[in-house]
Amino acid sequence: MSPSRVLVLNSGSSSVKYQLLDMRDSSRLAAGLVERIGEETSRLRHTPLARGGETREWNAPVADHEAALKAVSQELAKDGLGLDSPELAAIGHRVVHGGQTFTEPTVVDEAVLAEIERLIPVAPLHNPANLTGIRTAQALRPDLPQVAVFDTAFHTTMPESAARYAIDVRTADEHRIRRYGFHGTSHAYVSRATAKLLGKAPEEVNVIVLHLGNGASASAVRGGKCVDTSMGLTPLEGLVMGTRSGDADPAVIFHLARVGKMSIDEIDTLLNKKSGLVGLCGDNDMREIRRRIDEGDARAQLAFDIYIHRLKKYIGAYCAVLGTVDAIAFTAGVGENAAPVREAAVAGLEILGLAVDGERNAVRSDEPRLISPEDARVKVAVVPTDEELEIATQTYALVGR
Ligand code: ADP
């Protein structure tokens, strides 16, 4: 029998998340995470899902990504799923930035690695870690296809009118400044799953996807193709996020530098790590913010209101971009779980054909579901995202036989 397993790796600067899937039935065999790589307090958490096994966890220093991947392989081997298994068909890697080059998942070779490296200036935090993950996996299994699945790929169909900033063209081109968008694997998966929920083909529907996690982005998808998205050159643009400001007048940066005497690095940290919900009220977890609102906390309420105001603006904008909308889909940690966010985001948008049914919205489930009233012109849906399954599916489609 031909190999049917795909290992999905999401390598960050100090962590590796992984899932092993069997693509014969898309089932998950194992999942886990190595955190705080390079520190004394590294931790590995591994769950052998196939056997309904219990999560194993240990703390011990893990020096680098190579040591991390070897530790993962050892854990997998305990359940007979080691990386040396002939059942493994490929390793699928999440790569954050594919620039304008990578519009599709791509089997990694030296030229692909060089191009991912060339894109480091536009993704300084992510692409180096993704590259390390790929190289480490290559060293462990040189015989195996490694596939790069890019966060930006789904957005490469955006027209120039949406992808370009209105800044001097020569300067923009010289520095590759344009709107790339991120979370593409999730937007691709959720927009297709939403079409399926409506009983239609992706080509037949226009969908607005609201990916609301700690990072958050919206996209407008026409007939299965992305035509606009809220993140830009980096994931900082767009919606209010857990710790990122989202849209702000670029002159805020000049002002902080000139008048606030802050360095560029300090401003970068402020806008990426100390803004958004956490900057507004001290918390970035929507559960905590809702709890504080219930206790009458005014700062939490204002943070929530600013978050919702921005979300509504993007829903309105993407209705205008698309012209006709069949559905809007909420996904990721906040979108899938926070009924008050969904209710507030859609409240007052009847003019756009949007409404949420209170009872349906209150249902908790892991399944895709509609939360709009029965007769709604535009459907509102909750569609759980599954980036690992999408990466595995795309990887297997390239290499599976
Ligand atoms: P990311 O992948 O961007 O780190 P997730 O998609 O996992 O994030 O979302 C994490 C966020 O989801 C948390 O910060 C929290 O705000 C929110 N969240 C998770 N569970 C709930 C819940 N039950 N109710 C409200 N918000 C939740």
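Model, not experiment: these values are computed from the prediction.

### Remarks on the site of the ligand
Taken together, 13 residues are adjacent to the ligand, and Asn214, Met286, Arg287, Gly333 and Asn337 come closest. Measuring from a nitrogen atom of the ligand, one finds a side-chain N or O atom of Arg287 at 3.4 Å. Between an oxygen atom of the ligand and a main-chain N or O atom of Gly333, the distance comes to 2.9 Å. Out of a free accessible area of 580 Å², the ligand has 65% covered by protein chains. Taken together, the elements giving at least two residues each to the shell around the ligand come down to helix H10 (286-294) and helix H12 (332-337). Sorting elements by how many residues they give to the shell around the ligand places H12 first, with 4 residues. Partitioned by chemical class, the residues of the shell around the ligand number 4 nonpolar, 6 polar and 3 charged.

### Points about the sheet that holds strand E2 (residues 16-22)
Across the sheet, which stays open at both edges, the 8 strands sit in the order E5-E4-E3-E2-E1-E6-E8-E7 with mixed pairing between neighbours. Edge strands, defined here as strands with exactly one partner in the open sheet, are strand E5 (56-59) and strand E7 (106-107). Seen against the sheet, helix H1 (residues 65-78) touches strand E1 (5-11), E2, strand E3 (27-35), strand E4 (43-47) and E5 and runs at an angle of roughly 30 degrees to E4. On the sheet, helix H15 (residues 387-399) packs against E1, E2, E3, strand E6 (88-95), E7 and strand E8 (146-150) and is oriented at approximately 125 degrees with respect to E6.

### What to know about the pattern of salt bridges
Summed over all chains, the structure comprises 25 salt bridges. Residues Arg56 and Glu75 are paired through a salt bridge, measuring 2.9 Å at the closest nitrogen-oxygen approach. With Arg56 in strand E5 and Glu75 in helix H1, the pair connects residues that are 19 residues apart, well separated along the chain. Residue Arg56 is classed as partly exposed on the basis of its relative accessible area, which comes to 25%. A salt bridge links Asp143 to Arg141, with the nearest nitrogen and oxygen atoms 2.8 Å apart. Note on Arg141: relative accessible area 11%, which makes it buried.

### Observations concerning the UniProt feature "site: Transition state stabilizer" (unreviewed entry) in the protein
The feature "site: Transition state stabilizer" (unreviewed entry), as given by UniProt, occupies His183 and Arg244 in the numbering adopted here. As for its position among the elements, His183 is in the loop between helix H5 (169-174) and helix H6 (184-197). Excluding anything up to four places from it in sequence, His183 contacts Asp151, His155, His211, Gly215, Ala216, Ser217 and Met231. One can find Arg244 in the loop between strand E11 (225-229) and helix H7 (251-258). Among all residues touching Arg244, those that are not within four sequence positions of it are Gly215, Met231, Pro235, Leu236, Leu239, Leu271, Asn272, Ser275 and Gly276.

### Quick word on the packing of H10 against helix H11 (residues 298-322)
As a packed pair, H10 and H11 sit with axes 8 Å apart at the nearest point and diverge in direction by 125 degrees. Taken together, the axes of H10 and H11 are oblique relative to one another. Relative to H11, H10 is oriented so that their crossing is left-handed. Listed contacts from H11 to Met286, Ile289, Arg290, Arg292 and Ile293 of H10 are Arg299, Ala300, Gln301, Phe304 and Tyr307. Across the contact of H10 with H11, the residue classes break down as 6 nonpolar, 1 polar and 3 charged.

### Focus on the sheet that holds strand E12 (residues 327-331)
The strand order across the open sheet formed by 6 strands is E11-E10-E9-E12-E14-E13, and the pairing between neighbours is mixed. Taken across any chain shown, the strands that pair with only one partner, and hence form the sheet edges, are E11 and strand E13 (369-370). Taken together, the 4 bridges between strand E10 (residues 216-222) and E11 define a ladder with antiparallel strand orientation. Across the sheet, residue Ala220 finds its bridge partner in E11, namely Asp228.

Scoring rules and cut-offs
- Residues numbered from 1 in each chain as written.
- Predicted model: local features only at pLDDT ≥ 70, side-chain atom pairs only at ≥ 80, totals over all residues.
- Heavy atoms only, no water.
- Near = heavy atom within 4 Å.
- Polar contact = N/O pair within 3.5 Å; in protein donor to acceptor, adjacent residues only side chain to side chain.
- Areas by Shrake-Rupley, 256 points an atom, 1.4 Å probe, with all protein chains shown as cover.
- Helix = DSSP H or I, 4+ residues; strand = E, 2+ residues; numbered from the N terminus.
- Nonpolar A, V, L, I, M, F, W, Y, C, P; charged D, E, K, R; others polar.
- Pairing = 2+ DSSP bridges.
- Contact = heavy atoms within 4.5 Å.
- Axes fitted to C-alpha atoms, helices over the stretch in contact; angles between N-to-C directions.
- Salt bridge = Lys/Arg side-chain N within 4 Å of Asp/Glu carboxyl O.
- Buried < 20%, exposed > 50% of the residue type's maximum accessible area, 1.4 Å probe, protein only.
- UniProt positions renumbered as here; feature names shortened; annotations may be inferred.
- Parallel < 35°, antiparallel > 145°, perpendicular 65-115°, else oblique.
- Left-handed = near helix turned anticlockwise from the far one by under 90°.

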